[in-house]
Every structure is written in C-alpha cells, then in structure tokens.
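An overview of the molecular structure
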Amino acid sequence: MAQRPGSDASHPDAGRDAGPYVVSGHYEAPPRPERPAPPRPSRRRRRLPRWAWIAIIVAAVALIVAGIALAVSLVMGGVQALTARPPGVGTAFVAPAESKAARAVAEGGSADEVAAAEYLAAQPTAYWLTPEQDPIGEVGERVLNIAQEARETDTAMAVVVYGLPGRDCGNHSAGGLDEADYETWTTQIGTALRSVPDVKKVVIVEPDSLALAPQCGNVDERVDQLRGALGRLTGTDTWVYVDGGHSNWLGADTMAELVERVAVSGVRGFVTNVSNFNDTYDEFAYAHALSDRLGGMHALVDTSRNGAGAPGDDEWCNPPGRTVGDPSGTYGDDVVDTNLWIKPPGESDGPCNGGPDAGVWWPAGAVELTRGVAP
C-alpha cells in the first residue's frame, strides 16, 4: 500500500525514538512546566502596645471582681432574707444616742431632771423621724447613724416615720410635707433602710394617720398617701407596721377595714396604743380582735407610758399621774410580736396640762413619768 508523504511511516527516522512525536501522527506539545506562584510580600503584624495589654488585663480583672462581688451580694442577700426574723419577746432594741433624752442629759438641769433624762436615754426606744428635725437631704444619714449604733451594739433599730401631708389634721402635732416632698423624703428613708440589710429594722409608719382619718374626712387621701409610702419603705429584714389606733378609740371592725386598705405587700402588721396610756392587757385583747378580722396580721403594742394605765377621764394630752411601762421586748404572743417603747417618754403631747409644744422635751414630765424607777 502506498504511503502518504508526511506520515510517520514515511519519515526517514521512522522506527527510531520519536521524541516528542507520537506514532499516531498527531503532534502534542510538551506540557508547560508549572511555575511556582510568586511569594507574597510578608506583612508585618502590628503588636498591641504594652499599655493596651495592661488596660485589657485590668478590665478583665475588674470584670471578674465585679462578678464575684455580685455573686457574693446575691448570696448574702438571699441568706439575709432567709434568716430574717421579726421582732419578738427578748428582742433587744437600740437606745439612740440622738434621742431628746440623751440631749437633755448633755444640757443639764436639776438633779431630778438629769436623773430622769439619764434613765430614759438608756431605755430602748423608737426614734421619730420628722421632716422638721430630719429634713430631705439629712434624713438618710440619720437612719444610717442609728443603724450603725444598732450594728455596734448587736441590737435592732426602731424608727417612726412621721411627716405625712396634713399631719395630725391640724392638731397639736400639725405639720408634715406636701405630696411631692413627702415622696422624696420617704424615698430617702427607704433607700437608707435597704442599704443596711444586716440590721433588723422596725418601722412604724404614721401613727394616728388611719384612726384619725374618718374624723378628718380624708380617708381616701390618707390611704393613697400611706400605700405609696409603704411601697417605698419595705425591704430585707424591715418589719413595717401601720397605725392601728388603740382599744379606747375606733371599734375593731372599723379599724380593721382601714388597715386592710393600706396593707400592701411587705407590711408586717399594725401598731396600737402609740402615745397613749391604755393597759397592756387591754391592748393585747384589742390587737387580737383586729388580727382576727385581718387574717392573722401581727401587731406591736406601745408600753412606753402605760405603767399606771389610762386616766379615768380618757385624757390623752399629758395626763398627770402616768408612769413608764414595761421595757421593750418584755411581752408577746402569737399575734403581738412584742411590746415596744414607741412614744419617747419625756416628750410632750402638746401645750396642755403644763406641757410645751408637741415633741418638745419636758423635764418636769420626764421626772413624773420616771418616779420610782429613776435613781
């Protein structure tokens, strides 16, 4: 068979090593050698300056410390809430160094007056917070001072909040704040109370405010004011009591209805006999009658000036012949948490029966109240 020129078979070197040629007669170019990719220029890493590392470390440590502090705070708060116990028989209360009796000792007087003031200054008694004496901007510090005294003596503290708008319906203890200032004032008190969760705190809110409201014709207004204040005053180990009148005032049904209207969450109970002279037995019976109508609510009874019982003529303003009653923490039962000196003996009820203005220290009154007990 004839061969076509140009074919592999007709090439003079046919049969030899064809090199890049292949017997198929088709030319294939040799593969192009792969060239390595050109190296990328090295990029120099920027290092954080030393101060930046220090700042990061400090911030990290601060976060860790803050986290630990928060955890400890939550644990402590939980422990304090679980271990908090209401006041009871045997509860020791602080005798505030800020009391008017203590100030009277420093001011001096006759031997009898100083002896009476010294005796009363040493007795565990509630401290009355009033806007006249402890105004906005100062009342929180006062609370903290009393709390520190209680902490140092391992005692409970007791304060009375007494600054309601239209206080005492214009009677001997008239005064108080307007609505806006009252909210500010009670907020500052509540903030101070919550800042000392390690101290047991008893808070009596606005004595006479509820029992007097029907006579003053402002029940609805009083209820709104008190509910607002109570919401601002509650907290850990804070035992709040509202006004419950006393056994010679409103009947149990009427008083219970008033208490029920203000008994918001966090309220422990009510207080009876504040600034009055009724016998302790009568007040316990009255407290039980109220509690029965209020689902078992608890109570405190003021025994600061009921040692001789109530006067026969029902006089409530500096009646003669009265004496101090049993010390705080002496009595209690399943309804009455304990008795407490709430009205400070020696402070006048008002300008009556020889006394000065309400709340003013009255040396002669102090001497009479402590006869037989003061040295």
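In this text, all values refer to a predicted model and were calculated from it rather than measured experimentally. (Residues numbered from 1 in each chain as written. Predicted model: local features only at pLDDT ≥ 70, side-chain atom pairs only at ≥ 80, totals over all residues. Heavy atoms only, no water.)

Turning our attention to the state of the cysteines. Here, the word disulfide means a covalent bond between the sulfur atoms of two cysteines. Enumeration over the complete set of coordinates arrives at two disulfides. The partner cysteine of Cys 169 in its disulfide is Cys 216, sulfur to sulfur 1.6 Å. Taking the sign of the S-S torsion, 125° for the link of Cys 169 and Cys 216, the bridge is right-handed. Residue Cys 169 is found in the loop between strand 2 (157-161) and helix 5 (179-194), and its partner Cys 216 is found in helix 6 (residues 209-216); the two are separated by 47 residues along the sequence. Assessed through its relative accessible area of 29%, Cys 169 is described here as partly exposed. Here Cys 317 is linked by a disulfide to Cys 352, with a sulfur-sulfur distance of 1.5 Å. Judged by the sign of its S-S torsion, about -60°, the cystine formed by Cys 317 and Cys 352 is left-handed. (Disulfide = S-S within 2.5 Å. Helix = DSSP H or I, 4+ residues; strand = E, 2+ residues; numbered from the N terminus. Buried < 20%, exposed > 50% of the residue type's maximum accessible area, 1.4 Å probe, protein only.)

The next subject is helix 6. All of the buried residues in helix 6 are Ser 209, Leu 210, Ala 211, Leu 212 and Ala 213. Next to the buried residues of helix 6 lie strand 3 (201-205), helix 7 (219-233), strand 4 (238-243) and helix 8 (252-262). Two residues or fewer after helix 6 comes Gly 217, characterised by a positive phi angle close to 75°. (Contact = heavy atoms within 4.5 Å.)

On to the environment of Val 161, then. Within the secondary structure, Val 161 sits in strand 2. Judged by relative accessible area, which is 0%, Val 161 ranks as buried. Sequence-wise, Val 161 and Thr 130 are 31 residues apart; in three dimensions their C-alpha atoms are separated by 6.7 Å.

Right, let's talk about the side chain of Glu 206 for a bit. For Glu 206, the position within the fold is in the loop between strand 3 and helix 6. Although buried, Glu 206 forms no salt bridge, and the nearest oppositely charged side chain, Arg 167, lies 6.4 Å from it. At 3.2 Å, the side chain of Glu 206 and the backbone nitrogen of Leu 164 are in polar contact. If sequence neighbours within four positions are ignored, Glu 206 has contacts with Val 161, Tyr 162, Gly 163, Leu 164, Tyr 182, Leu 226 and Asp 243. (Lys, Arg positive; Asp, Glu negative; His and termini not counted. Salt bridge = Lys/Arg side-chain N within 4 Å of Asp/Glu carboxyl O. Polar contact = N/O pair within 3.5 Å; in protein donor to acceptor, adjacent residues only side chain to side chain.)

As a further point, take the pattern of salt bridges. In total, this model carries 10 salt bridges according to the counting rule given. A salt bridge links Arg 167 to Glu 132; the nearest nitrogen and oxygen atoms lie 2.9 Å apart. Highlighted residues: Arg 167 in the loop between strand 2 and helix 5 and Glu 132 in the loop between strand 1 (127-129) and helix 4 (139-153), separated in sequence by 35 residues. Among the residues examined, Arg 167 registers a relative accessible area of 7% and is labelled buried. Linking Asp 198 and Arg 151 is a salt bridge whose minimum nitrogen-to-oxygen distance equals 2.7 Å. One end of the pair, Asp 198, is in the loop between helix 5 and strand 3; the other, Arg 151, is in helix 4, with 47 residues separating them in the sequence. Each of Arg 305, Lys 343 and Asp 349 takes part in salt bridges that share partners, so that together they form one network.

Let us now look at the pairing of strand 4. The side chains of a regular strand alternate between both faces of the sheet. The buried fraction of strand 4 is high, at six of six residues. Relative to strand 4, strand 3 runs parallel, the two sharing five bridges. In the strand pairing of strand 4, Lys 201 is matched with Thr 238. Direction of pairing for strand 4 relative to strand 5 (residues 267-272): parallel, over a ladder of four bridges. (Pairing = 2+ DSSP bridges.)

Take the nonpolar core next. Ranked by size, the top nonpolar core spans 52 residues in total, and within it Met 157, Ile 189 and Met 255 carry the most contacts. Setting aside residues no more than four positions away along its own chain, Ile 189 makes contact with Leu 129, Val 139, Val 143, Val 161 and Leu 233. (Core = buried A, V, L, I, M, F, W, Y, C linked by side-chain atoms within 4.5 Å.)

With that settled, consider a negative patch on the surface. A surface patch of negative charge is lined by Asp 178, Glu 179, Asp 181, Glu 221 and Asp 224. Where the negative patch is concerned, the elements lending two or more residues are helix 5 and helix 7. (Patch = residues over 30% accessible without salt bridge, like charges linked within 9 Å, V, L, I, M, F, W, Y side chains within 5 Å. Areas by Shrake-Rupley, 256 points an atom, 1.4 Å probe, with all protein chains shown as cover. Charge placed at Lys NZ, Arg CZ, Asp CG, Glu CD.)

Another aspect to go through is the sheet that holds strand 4. Sheet architecture is open: seven strands sit in the order 1-2-3-4-5-6-7, paired in parallel fashion. Both edges of this open sheet fall to strand 1 and strand 7 (336-340), since each of them pairs with a single strand only. Recorded for the sheet is a direction-independent mean angle of 30° between the axes of neighbouring strands. Relative to strand 2, strand 1 runs parallel, the two sharing three bridges. (Axes fitted to C-alpha atoms, helices over the stretch in contact; angles between N-to-C directions.)

What follows covers the side chain of Arg 322. When you line up the elements, Arg 322 lands in the loop between strand 6 (298-302) and strand 7. Here Arg 322 occupies a buried position and makes no salt bridge, while the nearest side chain of opposite charge, Glu 368, is found at 7.0 Å. Of note is the side chain of Arg 322, whose polar atom sits 2.6 Å from the backbone oxygen of Gly 309. Those residues in contact with Arg 322, other than ones at most four positions away along the chain, are Phe 277, Arg 305, Ala 308, Gly 309, Ala 310, Pro 311, Glu 368, Leu 369 and Arg 371.

The buried fraction of strand 2 amounts to five of the five residues, a majority that puts the element mostly inside the structure. Here strand 2 shows a buried face lined by Met 157, Val 159 and Val 161 and a second buried face lined by Ala 158 and Val 160. The β-α-β motif built from strand 1, the intervening helix 4 and the parallel element strand 2 has right-handed crossover chirality. Read as a crossover between parallel neighbours, the route from strand 2 over helix 5 to strand 3 is right-handed. (Right-handed = clockwise from strand over helix to strand, strands pointing away.)

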